[in-house]
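Next come the chains, spelled out residue by residue.
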Amino acid sequence: MLEPQVRPTGRRYDLQRVDQSTWIIRDAHLPTTDARSLVACVSQAPLEGVDVLWLHPVGLPTRYGTADAVLRDLIRHGRRSSGTTRPIPIPHRPPMKPERR
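Residues numbered from 1 in each chain as written. Predicted model: local features only at pLDDT ≥ 70, side-chain atom pairs only at ≥ 80, totals over all residues. Heavy atoms only, no water.

(A) Expanded view of the overall build of the chain. Looking only at helices and strands, the chain has one helix and five strands in total. Seen in sequence order, the chain has helices and strands lined up from the N terminus as β-β-β-β-β-α. In the chain, once contacts between residues fewer than 6 apart in sequence are set aside, the share between residues at least 24 apart is 18%. Accessible area for the chain stands at about 8,100 Å²; split by element, carbon and sulfur atoms hold 56% of it. (Helix = DSSP H or I, 4+ residues; strand = E, 2+ residues; numbered from the N terminus. Contact = heavy atoms within 4.5 Å. Areas by Shrake-Rupley, 256 points an atom, 1.4 Å probe, with all protein chains shown as cover.)

(B) Highlighting the environment of His56. Topologically, His56 is positioned in the loop between strand S4 (50-54) and strand S5 (63-64). For His56 and Val39, which are 17 residues apart along the polypeptide, the C-alpha to C-alpha distance reads 6.1 Å. Setting aside residues up to four positions removed in sequence, His56 forms contacts with Arg36, Leu38 and Val39. Within polar-contact distance, the side chain of His56 engages the backbone oxygen of Leu38 at 3.1 Å. (Polar contact = N/O pair within 3.5 Å; in protein donor to acceptor, adjacent residues only side chain to side chain.)

(C) Quick look at the sheet that holds S5. One open sheet holds the five strands; their spatial order is S1-S2-S3-S4-S5, and the pairing between them is antiparallel. Each end of this open sheet is capped by a strand with a single partner; those strands are strand S1 (13-19) and S5. Where S4 and S5 come together, two bridges link them in antiparallel fashion. Looking at S5, one finds that Asp51 is bridged to Arg63. (Pairing = 2+ DSSP bridges.)

(D) Representation of the pairing of strand S2 (residues 22-27) in the model. The buried fraction of S2 amounts to six of the six residues, a majority that puts the element mostly inside the structure. The side-chain alternation of S2 yields two buried faces, one formed by Thr22, Ile24 and Arg26 and the other by Trp23, Ile25 and Asp27. Sheet topology places S1 next to S2; six bridges connect them, and they run antiparallel. Residue pairing across strands places Leu15 opposite Ile25, the latter belonging to S2. (Buried < 20%, exposed > 50% of the residue type's maximum accessible area, 1.4 Å probe, protein only.)

(E) Broad picture of the pattern of salt bridges. Throughout the structure, instances matching the rule amount to five salt bridges. Note that Arg63 is salt-bridged to Asp51, the shortest N-O span being 2.5 Å. With Arg63 in strand S5 and Asp51 in strand S4, the pair connects residues that are 12 residues apart, well separated along the chain. Residue class for Asp51 comes out partly exposed when judged on its relative accessible area of 30%. (Salt bridge = Lys/Arg side-chain N within 4 Å of Asp/Glu carboxyl O.)

(F) A look at the environment of Leu74. Looking at where Leu74 falls in the secondary structure, it is placed in helix H1 (residues 67-80). With 14 residues separating them along the chain, Leu74 and Leu60 place their C-alpha atoms 7.7 Å apart. Excluding its chain neighbours within four sequence positions, the residues that come into contact with Leu74 are Tyr13, Ile25, Val39, Trp54 and Leu60.

Taken by themselves, the reported measurements are silent on function.
Below, the structure is given as structure tokens:
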């Protein structure tokens, strides 16, 4: 059974083996008792590779070569979409002068 606490691993996501052919990816910044901490379920594919069931809309593929490749791609994706972009510059103009009549 998973312990109900935040795991201070220093990493954002943890890949945990459930059984011989299944893994889960959890958000390490959330308690394990929080349903939002479960990010994906990774299962061994019938022929080759793994299938991924994303539990949050992340826009990543659902088929990978290995479970580790899923974790690496998720980490890369998180770095790209962290929202830390430069602000869009707003043009500044002096106030309009009132029309004279």
